[in-house]
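Spelled out, the chains give:
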Amino acid sequence: MWKTSDAEELYLLDSWGEDYFQVNRKGYVTVHPKQEKHGIELVDIIESLKAKKLDFPVLLRFPQILQSRLRSINEAFANAINDNQFNGCYQGVFPFKVNQQKDVVTALMDYGKPHKLGLEVGSKSELLTALSFTMSDDALLVCNGFKDESYLRLAMASDEMVNIVIVIDEIGEVNRIIKMAKVMRIKPTLGLRIKLSIRGSGKWAATAGEHAKFGLTTPEIIHTIDTLREAGMLDSLKMLHFHVGSQITDIKRVQDAIKEGARVYSKLRRMKIKLQYLNIGGGLGVDYDGSRTPSDASMNYTLQEYANTVVYNVKDVCEREDVQHPTIVSESGRALVSFHSLLLFDVLGKIPEHYSPKDIEVTGDDSHIVQELYSCWMDIKSKNYLEYYHDAVHYKDELGILFNLGHLSLEQKAKGETLFWDICHKVIRFSRSEEEPPEEIEQLFKHIARKYICNFSLFQSAPDIWGIRQLFPIFPIQRLNEEPQCHAHIADVTCDSMGIISKYVDIKDVKDTLEIHNIKEDEEYVLAMALIGAYQDTLGDVHNLFGAVNEAHIIIGKADDWHIKRTIKGDDVRSVVSYMRYSPDSIIKSIELKLEGLVKDRVLTKKSANRIEDQFKSTLDEYTYLE
Ligand code: PLP
């Protein structure tokens, strides 16, 4: 008997979901933005959005999940500080590049005030935007990235407004900073980004280490200190910073990096440099597959273990070196915002069509190979299914060879293939009774899984799937009180063969297909993709001119009540063509001219020309996705 808890287990909601997602007794997925018992059925939200004419795909944001994540991270550090009797404190800065959406940053800054949450920026545009937010008095604004004169001028000019720390990310910046500070007669607060020999682990490990893009080597650190001392600016140096890569999957790497970073901090303090902040960068992982392992899509530690590891090792090194405990700053992005958004999209159809051979008649006039496949199809049973499957594969190969040599008609090939694919389906059914089906049958699952065409663009909504083979949890939001019987590949609506998801999260390894239900004709079947709140909003592009998706921000109240705080219409065709620097008006003008010519040449009547023109005009105002 299938239970809803089986669905939670299959889609691993209770492993990666951090209590934000559950399945209720009716088989619907519910969201619990405050990790409390009462939640919101996603299907209810969809109903309300339909009333507001917000179609699929739609991105849901849950600002209260941001608040909850902020609280969890800060509580974890508070516990670690308390347990380790650490004398310093902790404060976070949100790396702007992880999600620059105004609503997201506004929510973070509002909810982050009690936690002294600041921002980290990597360009002058990010800095300018970040400066528009009001932060708590003690919050930091950390300036990373390559800095030209204008970036430095803006950062120094804002020194009076916020606690700006200008981080020296590469050796060439020191002299520019000194020069600008002298011109502007400002004593900026400076940071030093260092290269550690330790790298993170997982997909981003290669971005760190001694050959990393950013950071100073040990000789460069000494040179920078000498240069600052000569300029009389050594007392401006307040922060030591490192970042060993995003999504660190192994706690051992966190430990090693902290030990090395804390050692450099301590040595600099012993050189009488009054560093105040130790900025450990980002890297706190997200357990995308819920496996709690050091695999790329996971992490082998909890948030509390991370905080304990950081605090304990900083304290340990500082005490051994007999220096003051610093304020620990972290730039966690992924761990803070991944959970807050969810993409909902509907299944539009499936390919290829599966034809049943029931209506096929095979006689002595058919090719011998078709007759062999027919016998296989008739006689295959649970006892002989593997042997008959091997035969069928052999006949299928022969079918192809005979066709290519010109010995078979298209109809015969179609008959043979219909029989073959149905044999494969029977094989899968027979294999279900086996505890461990042979590997070749597991491969067959992958081959016969159909592509479910879904109304979204991978390149717009989850570009990391395409770019770095990132895994995100995907699951149906309804019918979870029924066992899903089909194995699917999720394909998007772009006209790009790469717009298909070929790996899915699994507790043991990764899966090649996603289990979904047999979708009835005209049924609205909705899938959700979770944990996409970090990086995807910004990296998403308008491939095939599929634009930004509809958006809704959902707030849950005290009991079961909830409301839509804000909706944002996705791009229409007019906006995406404008991104590419076409003028919608000029497009219409050129179409008008063409239509006029056709009317003049009597190819079209005036009435048909008007109808076509209206069609063009209304398309410009349509949502870019399929209706
Ligand atoms: N800080 C810096 C300097 C980064 O380059 C990054 C991203 O790689 C981050 C913070 C955020 O990392 P994460 O999202 O893994 O926390």
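Above: the structure in question.
Because the structure is a prediction, the values reported are computed rather than measured.

### Structural notes on the environment of Leu 348
Counting through the fold element by element, Leu 348 comes out in strand S13 (residues 341-351). Along the backbone, Leu 348 and Pro 294 are 54 residues apart, and their C-alpha atoms lie at a distance of 36 Å. Apart from residues lying up to four places away in sequence, Leu 348 is in contact with Ile 453, Cys 454, Asn 455, Val 493 and Leu 626.

### Let's talk about the packing of aromatic side chains
Within the structure shown, the criterion is met by 16 aromatic pairs. Put simply, the rings of Phe 77, Tyr 90, Tyr 301 and Tyr 306 pair up and form one aromatic cluster. Across the ring face of Phe 403, the terminal group of Lys 413 is positioned such that the distance to the ring centre comes to 5.1 Å. Across the ring face of Trp 377, the terminal group of Lys 426 is positioned such that the distance to the ring centre comes to 4.5 Å.

### Quick word on the side chain of Thr 30
Secondary-structure assignment places Thr 30 in strand S2 (residues 29-31). Assessed through its relative accessible area of 7%, Thr 30 is described here as buried. Engagement of the side chain of Thr 30 in a polar contact is seen with the side chain of His 32, the distance being 2.8 Å. Discounting residues that sit within four places of it in the chain, Thr 30 has contacts with Tyr 20, Phe 21, Gln 22, Val 23, Asn 24, Ile 40 and Glu 41.

### Overview of the sheet that holds strand S3 (residues 40-41)
Read from one edge of the open sheet, 3 strands run S1-S2-S3, paired in antiparallel fashion. Lying at the two open borders of the sheet, with one neighbouring strand each, are strand S1 (21-23) and S3. As paired elements, S1 and S2 share 3 bridges and run antiparallel to each other. What sits directly across from Val 23, in S2, is Val 29.

### A word on the pattern of salt bridges
Counted by the stated rule, this structure contains 29 salt bridges. For Arg 229, the salt bridge identified is with Asp 226, shortest N-O distance 3.3 Å. Highlighted residues: Arg 229 and Asp 226, both in helix H9 (residues 218-230), separated by 3 residues, approximately one helical turn. Residue Arg 229 is classed as partly exposed on the basis of its relative accessible area of 42%. Residue classification places Asp 226 among the partly exposed residues on the basis of a relative accessible area of 33%. Between Glu 592 and Lys 589 there is a salt bridge, and its shortest N-O distance comes to 3.3 Å. Within this pair, Glu 592 and its partner Lys 589 are both found in helix H21 (residues 584-600), separated by 3 residues, close to a single helical turn. A network of salt bridges, in which partner residues are shared, links Arg 263, Lys 267, Arg 270 and Glu 321.

### Points about the site of the ligand
The full set close to the ligand counts 15 residues, and Lys 97, Ser 246, Glu 331, Gly 333 and Tyr 535 are the nearest of them. At 3.1 Å from an oxygen atom of the ligand is found a main-chain nitrogen or oxygen belonging to Gly 283. The contact in question runs from a nitrogen atom of the ligand to an N or O atom on the side chain of Glu 331, over 2.5 Å. Isolated, the ligand exposes 390 Å² of accessible area, and the fraction of that covered by the protein chains is 92%. In terms of residue class, the shell around the ligand is built from 2 nonpolar, 8 polar and 5 charged.

### What to know about unusual backbone geometry
In this chain, Phe 56 is followed by Pro 57 through a cis amide linkage whose omega measures -5 degrees. Mapped onto the fold, Pro 57 is located in the loop between helix H3 (42-51) and strand S4 (58-61). Going from Ile 351 to Pro 352, the amide bond is cis rather than trans, its omega being -10 degrees. By secondary structure assignment, the location of Pro 352 is in the loop between S13 and helix H13 (368-379). Positioned with a positive phi, Tyr 535 is a non-glycine residue whose angle comes to about 70 degrees. Counting through the fold element by element, Tyr 535 comes out in the loop between strand S21 (526-530) and helix H19 (536-539).

### Examining the sheet that holds strand S12 (residues 327-330)
With parallel pairing, 8 strands are arranged side by side around a closed barrel as S5-S6-S7-S8-S9-S10-S11-S12. Sheet twist, expressed as the mean angle between neighbouring strand axes with direction ignored, is 25 degrees. Helix H8 (residues 173-184) rests against strand S8 (163-168) and strand S9 (189-193) of the sheet, and its axis sits at about 140 degrees to S8.

### A look at the environment of Asp 137
Tracing the sequence through the fold places Asp 137 in the loop between helix H6 (124-130) and strand S7 (140-143). When the C-alpha positions of Asp 137 and Gly 416 are compared, they lie 75 Å apart, and in sequence the two are 279 residues distant.

### Observations regarding the state of the cysteines
Between two cysteines, a covalent bond joining their sulfur atoms is known as a disulfide. With the rule as written, the count across this model stands at 0 disulfides. For Cys 376, which is in no disulfide, the shortest distance to another cysteine sulfur is to Cys 424 and amounts to 10 Å. We note that Cys 495 lacks a disulfide partner, and the nearest cysteine sulfur, in Cys 454, lies 16 Å from it.

### Focus: the packing of helix H10 (residues 251-270) against helix H11 (residues 303-321)
At their nearest, the axes of H10 and H11 sit 8 Å apart, and the two run at 30 degrees to each other. Handedness of the H10/H11 crossing: right-handed. Mapping the contact onto sequence places Ile 251, Val 254, Gln 255, Ile 258, Lys 259, Ala 262, Arg 263, Tyr 265, Ser 266, Lys 267 and Arg 270 in H10 and Glu 305, Tyr 306, Thr 309, Val 310, Asn 313, Val 314, Val 317, Cys 318, Arg 320 and Glu 321 in H11.

About the cut-offs
Residues numbered from 1 in each chain as written. Predicted model: local features only at pLDDT ≥ 70, side-chain atom pairs only at ≥ 80, totals over all residues. Heavy atoms only, no water. Helix = DSSP H or I, 4+ residues; strand = E, 2+ residues; numbered from the N terminus. Contact = heavy atoms within 4.5 Å. Phe/Tyr/Trp six-rings, centres within 6.5 Å; stacked < 30°, edge-to-face > 60°. Lys NZ or Arg CZ within 6 Å of the ring centre and 35° of its normal. Buried < 20%, exposed > 50% of the residue type's maximum accessible area, 1.4 Å probe, protein only. Polar contact = N/O pair within 3.5 Å; in protein donor to acceptor, adjacent residues only side chain to side chain. Pairing = 2+ DSSP bridges. Salt bridge = Lys/Arg side-chain N within 4 Å of Asp/Glu carboxyl O. Near = heavy atom within 4 Å. Areas by Shrake-Rupley, 256 points an atom, 1.4 Å probe, with all protein chains shown as cover. Nonpolar A, V, L, I, M, F, W, Y, C, P; charged D, E, K, R; others polar. Axes fitted to C-alpha atoms, helices over the stretch in contact; angles between N-to-C directions. Disulfide = S-S within 2.5 Å. Left-handed = near helix turned anticlockwise from the far one by under 90°.

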